[in-house]
Amino acid sequence: MERAAAEVAKQEELAGKVKALSEVNPMLGMRGCRLGVEFPEIYAMQVRAIVEAACDVLRDTGKQPHVEIMIPLVGSNKN
């Protein structure tokens, strides 16, 4: 039971974050690089998914996939 309650709490927290990102004009808000700067775990998740997919291709086909991961150059005044 505690595990289910913890999972519900985790999902509610995620839903709250998603709701907080809702915007009237997304062109001026949290999108693209801004989202990754604010939530760097998004970039970590994306890079992991790309690398895992490349490993799957290598394992399944024996062929080395050509993978490019491009990192956006952005500035931030956070310390």
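Residues numbered from 1 in each chain as written. Predicted model: local features only at pLDDT ≥ 70, side-chain atom pairs only at ≥ 80, totals over all residues. Heavy atoms only, no water.

What's the story with the overall build of the protein chain in this structure? I'm lost.
Looking only at helices and strands, the protein chain has 3 helices and 0 strands in total. Going from N to C terminus, the protein chain has its helices and strands arranged as α-α-α. Each of the 79 residues in the protein chain was classed as buried or not, and the buried ones make up 4%. As displayed, the protein chain has an accessible area near 7200 Å², and 61% of this comes from carbon and sulfur atoms. (Helix = DSSP H or I, 4+ residues; strand = E, 2+ residues; numbered from the N terminus. Buried < 20%, exposed > 50% of the residue type's maximum accessible area, 1.4 Å probe, protein only. Areas by Shrake-Rupley, 256 points an atom, 1.4 Å probe, with all protein chains shown as cover.)

So what exactly am I meant to see when it comes to a nonpolar patch on the surface here?
Together, Val47, Ile50, Val51, Val67, Ile69 and Ile71 give the surface a local cluster of nonpolar side chains, amounting to about 450 Å² of exposed area. Looking at where Ile69 falls in the secondary structure, it is placed in the segment after helix H3 (41-61). Residue class for Ile69 comes out partly exposed when judged on its relative accessible area of 35%. (Patch = residues over 30% accessible without salt bridge, like charges linked within 9 Å, V, L, I, M, F, W, Y side chains within 5 Å. Salt bridge = Lys/Arg side-chain N within 4 Å of Asp/Glu carboxyl O.)

How should the confidence of the model for the protein chain be read in this particular structure?
Low-confidence regions, as indicated by low pLDDT, have predicted coordinates that should not be scrutinised in detail. The share of residues in the protein chain with pLDDT of 70 or more is 85%, and the mean pLDDT across the chain is 84. Averaged pLDDT values over the elements of the protein chain bottom out at 79 in helix H2 (residues 32-38) and peak at 95 in H3. (pLDDT = per-residue confidence, 0-100.)

What am I meant to see in the environment of Val57 here?
Locating Val57 in the fold gives a position in helix H3. Setting aside residues up to four positions removed in sequence, Val57 forms contacts with Gly62, Lys63 and Pro65. (Contact = heavy atoms within 4.5 Å.)

Got a minute to help me understand the pattern of salt bridges in this structure?
What the rule picks out here adds up to 3 salt bridges. A salt bridge links Glu52 to Arg48, with the nearest nitrogen and oxygen atoms 2.7 Å apart. Taken together, the residues span about one helical turn, with Glu52 and Arg48 both in helix H3 at a distance of 4 residues. Residue Arg48 is classed as exposed on the basis of its relative accessible area, which comes to 58%. Residue Asp56 pairs with Arg59 through a salt bridge whose shortest N-O separation is 3.1 Å. Here Asp56 pairs with Arg59, and both are found in helix H3, just 3 residues apart, close to one helical turn. Among the charged side chains, a network of salt bridges with common partners joins Asp56, Arg59 and Asp60.

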